[in-house]
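Here's the letter readout for the chains.
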Amino acid sequence: MTIFVETVAETASTNADVKALALTGSAPEGFWLRAETQTGGVGRRGRKWESPKGNLFCSTVVHMRPGDPEPSSLSFVAGLAVHAAIRHFLPDVPMLLKWPNDVLVSDAKICGILLERVKEQVVVGIGVNVAQAPQVEGRAVTSLKEEGAVVDAIDFLDQLSREFENWVKLWREAGLARILREWEALAHPVGMTVTTSDDGGDKISGEFAGLTVDGALRLRKADGTLIAIRAGDISIG
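Note that this is a predicted model, so its numbers are computed, not measured.

A. Geometry of helix α1 (residues 14-23). Listed as buried for α1 are Thr-14, Asn-15, Val-18 and Ala-22. Along the axis of α1, the buried positions cluster into a sector of 95 degrees, meaning they face one direction only. Gly-25, located one to two residues past α1, shows a positive phi value of around 75 degrees.

B. A look at the nonpolar core. Among the nonpolar cores identified, the biggest contains 54 residues, and Ile-86, Ile-126, Leu-144 and Leu-160 are the most heavily contacted of them. Broken down by element, the residue count for this core peaks at 10 residues, all from helix α2 (residues 74-89). Those residues in contact with Leu-160 that sit more than four places away from it in its chain are Trp-32, Leu-56, Cys-58, Ala-81, Val-82, Ala-85 and Ile-126. Ranked by size, the runner-up nonpolar core spans eight residues in total, among them Phe-31, Val-61, Val-118 and Val-123.

C. Unusual backbone geometry, seen in detail. A cis geometry characterises the amide bond from Trp-99 onward to Pro-100, with omega recorded as 0 degrees. Secondary-structure assignment places Pro-100 in the loop between β4 (95-98) and β5 (102-105). Positive phi values are uncommon outside glycine, yet Ser-106 reaches one of about 55 degrees. Of note in the backbone geometry, Lys-119 takes a positive phi value of approximately 55 degrees without being a glycine.

D. Region of interest: the pattern of salt bridges. Scanning all chains against the criterion turns up 10 salt bridges. Among the salt bridges present, the one from Arg-172 reaches Asp-68, with a minimum N-O distance of 3.2 Å. In this pair, Arg-172 is assigned in helix α3 (residues 153-174) and Asp-68 in the loop between β3 (56-63) and α2, connecting sequence segments 104 residues apart. Asp-68 matches Arg-172 in its accessibility class, with the two residues each being buried. Between Asp-214 and Arg-230 there is a salt bridge, and its shortest N-O distance comes to 2.6 Å. One end of the pair, Asp-214, is in the loop between β10 (203-211) and β11 (217-220); the other, Arg-230, is in the loop between β12 (226-229) and β13 (235-236), with 16 residues separating them in the sequence. The exposure class assigned to Asp-214 is partly exposed, which follows from its relative accessible area of 40%. It is possible to trace a salt-bridge network through shared partners that takes in Glu-29, Arg-65, Asp-68 and Arg-172.

Rules of the game
- Residues numbered from 1 in each chain as written.
- Predicted model: local features only at pLDDT ≥ 70, side-chain atom pairs only at ≥ 80, totals over all residues.
- Heavy atoms only, no water.
- Buried < 20%, exposed > 50% of the residue type's maximum accessible area, 1.4 Å probe, protein only.
- Helix = DSSP H or I, 4+ residues; strand = E, 2+ residues; numbered from the N terminus.
- Arc of directions from axis to C-beta.
- Core = buried A, V, L, I, M, F, W, Y, C linked by side-chain atoms within 4.5 Å.
- Contact = heavy atoms within 4.5 Å.
- Salt bridge = Lys/Arg side-chain N within 4 Å of Asp/Glu carboxyl O.

Structure below.
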């Protein structure tokens, strides 16, 4: 796979742009679109993604092939790639993967990942706080600069794109079970208390009991009941 990056000064959303390219067949694997600033970025569940200058806003595309794991499992691939890229520049800081696709550095959020399907393609949008951490109400947020990394968005994307290529290759060749094992090794440990919300908004707490074979979070409630969480956000600790 040949990696090549196109950079634009400003766009509303790199994901929207790459989705449009994907629809016309103009977004091959290995293509990354980076924006110096983004005016309409969104995160999961339509949340606004703040886009201060100096941070990384980018999207790429994966073409689904016969035999590939489920497209949604690319969220784990993206999380592992971001984790590996950050670890390259911050080898000693505490890091944790948090289900479903968060990367925490020093217990604070540092990135956002958004997958969107376009026919037989998956657009993967990644935002990383490189230069600064925007204020997010009720959530601890950090940046690579605050954690001591000396890197700009361009150099970070160079590392990230190579990590992503390697993890996609492993996802295809070794399968989802291997990816989930790699993810669990870097995530919140089994037995840690996690809290999530059900469809009605009620809080559910229990112990993290690993992942199911398709990547859902297994939660053991106080009465010992095991349930699978397939969507939503969690808090840990």
